[in-house]
Amino acid sequence: MKLLVTGGAGYIGSVVVGHLLADGHEVTVLDDLSTGHRDAVAPGVEFAELPIAEAAAVLTPAFDGVLHFAAKSLVGESVAQPQRYWANNVGGTLALLEAMRAAGVGRLVFSSSAAVYGEPDRQPIKETAPTRPTNPYGATKLAVDLMISSYAAAHGLAATSLRYFNVAGSWRGLGERHRTETHLIPLALRAALGQGEGLTLYGEDYPTRDGTCVRDYIHVADLASAHLLALSASAPGHRVYNLGNGDGFTVREVLAAIEGVTGRPVPAALGPRRPGDPAALVASSERIRDELGWRPTRTTLREMITDAWSAMPTAEHA
């Protein structure tokens, strides 16, 4: 298939592009490089340095589908500057959907987020859980999901939304390189290297097995395989799947695994709980397992952290 990947110069998008190429697809990447990296785009891949709002300049009837990763995704920034998130994530996606409709491109896989569920009543979280996002970022992802549903109903769009929490690991050297880093594993790896401003452990009195928050992690290569499955199985309508590793890990378990992989201590200061931090967030993958046969294959912290460590650009790996 001939496919457009928006946000294909970012962490997840670039890994999915690599999997698409390995599967024999022809790929064009659209990315404004506001958070992505030009060198993450595979050699020979057509590249358009454009925002998603200008996807009409690229999309033609020759395309078979779109995989959509382009989004602003910093929760704190979304609270401080919600206008940027509504304009880019929602307004940009509306422009993308209109460009697809004009070109007659009827297949879409959307990188959504389990942040749409907010603070769930039950764990693990199923697709039937109430959607109650607690920040503008999650609200924009939910708005896009609702918009996609309406386009599927009105225009026959064949769409799949994939909702997941934390992504980790690397694939063929493609790892996390965020200009503003907020994710625990890369922050802790930097702390192990003596880089950054230090790591803070926010709360140790949660009702979990060691008092720290439990979070779901999925390997980026497993996430990529889910996108390819969703692409190949797409049919008119809008399907929603949660993705998770089947279990969660505490913050202390993550730090211990990083120390085991790197052989270095991870200095961390103890801080108070952050407002709105749930004790546990774990997604259920039963639906995509039953309907598409997807199962994560790299589910241990050691596998994810070993791969993340190998892709650290300044890691000495001593």
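On a predicted model such as this, the values are computed, not experimentally measured, just so you know. (Residues numbered from 1 in each chain as written. Predicted model: local features only at pLDDT ≥ 70, side-chain atom pairs only at ≥ 80, totals over all residues. Heavy atoms only, no water.)

## A word on the overall build of the protein
For the protein, the count of helices and strands is nine helices and 14 strands. Here the C-alpha atoms of the protein give a radius of gyration of 19 Å, agreeing with the 20 Å that 2.2 N^0.38 yields for 318 residues. Along the first, second and third principal axes, the C-alpha set of the protein runs to 55 × 45 × 40 Å. When burial is assessed residue by residue, the protein has 54% of its 318 residues classed as buried. Considering only contacts within the protein whose residues lie at least 6 apart along the sequence, 78% involve residues at least 24 apart. In the protein, which carries 27 positive and 33 negative side-chain charges, the distance between the mean positions of the two groups comes to 2 Å. (Helix = DSSP H or I, 4+ residues; strand = E, 2+ residues; numbered from the N terminus. Rg over C-alpha atoms; globule rule 2.2 N^0.38 Å. Buried < 20%, exposed > 50% of the residue type's maximum accessible area, 1.4 Å probe, protein only. Contact = heavy atoms within 4.5 Å. Lys, Arg positive; Asp, Glu negative; His and termini not counted. Charge placed at Lys NZ, Arg CZ, Asp CG, Glu CD.)

## Let's talk about the packing of aromatic side chains
The geometry of an aromatic ring pair is captured by two quantities: the separation of the ring centres and the angle between the planes. Inspection of every chain in the model, using the stated rule, returns zero aromatic pairs. A cation sits over an aromatic face here: Lys2 above Phe63, 4.5 Å from the ring centre. Above the plane of the ring of Tyr206 lies Arg273, whose end atom (NZ or CZ) is 3.9 Å from the centre. (Phe/Tyr/Trp six-rings, centres within 6.5 Å; stacked < 30°, edge-to-face > 60°. Lys NZ or Arg CZ within 6 Å of the ring centre and 35° of its normal.)

## Structural notes on the sheet that holds strand 14 (residues 280–281)
Across a sheet, strands are paired by hydrogen bonds formed along the backbone, either parallel or antiparallel in direction. Pairing within the open sheet is mixed, and its three strands lie in the order 12-9-14. At either margin of the open sheet sits one strand with a lone partner, and together these are strand 12 (249–250) and strand 14. Across two bridges, strand 9 (residues 214–215) lies against strand 12 in antiparallel orientation. Each bridged residue has a counterpart across the sheet, and for Arg215 the counterpart in strand 12 is Phe249. (Pairing = 2+ DSSP bridges.)

## Re helix 9 (residues 301–310)
Of the positions making up helix 9, those classed as buried are Leu301, Met304, Ile305, Ala308 and Trp309. Across the axial projection of helix 9, the buried residues extend over an arc of 130 degrees, all falling on one side. The elements touched by buried residues of helix 9 are strand 7 (166–168), helix 5 (184–192), strand 10 (217–219), strand 12 and helix 7 (251–262). (Arc of directions from axis to C-beta.)

## A short note on the packing of helix 1 (residues 11–22) against helix 6 (residues 220–232)
Each pair of packed helices can be summarised by the angle the axes make with each other and by the distance between the axes. Across the interface, helix 1 lies against helix 6 with an axial gap of 9 Å and an inter-helix angle of 60 degrees. Judged on the interaxial angle alone, helix 6 and helix 1 are oblique. For helix 1 against helix 6, the interelement crossing comes out right-handed. When helix 1 is examined against helix 6, the residues Tyr11, Ile12, Val15, Val16, His19 and Leu20 are found in contact with a partner set consisting of Val220, Ala221, Leu223, Ala224, His227, Leu228 and Leu231. By residue class, the composition of the contact of helix 1 with helix 6 is 11 nonpolar, two polar and no charged. (Axes fitted to C-alpha atoms, helices over the stretch in contact; angles between N-to-C directions. Parallel < 35°, antiparallel > 145°, perpendicular 65-115°, else oblique. Left-handed = near helix turned anticlockwise from the far one by under 90°. Nonpolar A, V, L, I, M, F, W, Y, C, P; charged D, E, K, R; others polar.)

## Quick look at the sheet that holds strand 5 (residues 107–111)
Read across the sheet, seven strands follow the order 3-2-1-4-5-6-11 without closing on themselves; strand pairing throughout is parallel. Two strands bound the open sheet, and with one partner strand each, they are strand 3 (46–48) and strand 11 (237–243). Neighbour-to-neighbour, the strand axes of this sheet turn through a mean angle of 15 degrees, independent of strand direction.

## Focus on the pairing of strand 2 (residues 26–30)
Among the five residues in strand 2, four count as buried, and that is most of the element. Pairing of strand 1 (residues 2–6) with strand 2 involves five bridges; the strand directions are parallel. Residue pairing for strand 2: Thr6 is matched across the bridge by Leu30. The parallel pair strand 1 and strand 2, bridged by helix 1, forms a crossover whose chirality is right-handed. Strand direction decides the pairing type here: strand 2 and strand 3, joined by three bridges, are parallel. Across the sheet, residue Thr28 finds its bridge partner in strand 3, namely Glu46. (Right-handed = clockwise from strand over helix to strand, strands pointing away.)

## Concerning the environment of His227
Along the chain, His227 turns up in helix 6. Looking at His227, the relative accessible area reads 0%, which means it is buried. Between the C-alpha atom of His227 and that of Gly198, which follows or precedes it by 29 residues, the distance is 34 Å. Residues within four places of His227 in sequence aside, it is in contact with Val16, Leu67, Phe69, Val109, Ser111, Leu162 and Tyr164. Here Leu223 takes part through its backbone oxygen, which lies 2.9 Å from a polar atom of the side chain of His227. (Polar contact = N/O pair within 3.5 Å; in protein donor to acceptor, adjacent residues only side chain to side chain.)

## With respect to the environment of Asp277
With respect to the helices and strands, Asp277 occurs in the loop between strand 13 (268–271) and strand 14. Put simply, Asp277 and Cys213 are 64 residues apart on the chain and 8.1 Å apart in space, counted from C-alpha to C-alpha. Not counting residues up to four positions away in its chain, the partners in contact with Asp277 are Tyr206 and Arg215. Within polar-contact distance, the side chain of Asp277 engages the side chain of Arg274 at 3.0 Å.

## Focus: the environment of Glu49
Structurally, Glu49 can be placed in the loop between strand 3 and strand 4 (65–68). On the basis of relative accessibility, which here comes to 52%, the residue Glu49 falls in the exposed class. C-alpha separation for the pair Glu49 and Ser150, spaced 101 residues apart in sequence, amounts to 29 Å. When sequence neighbours within four positions are dropped, the list of residues in contact with Glu49 reads Asp31, Asp32 and Leu33.

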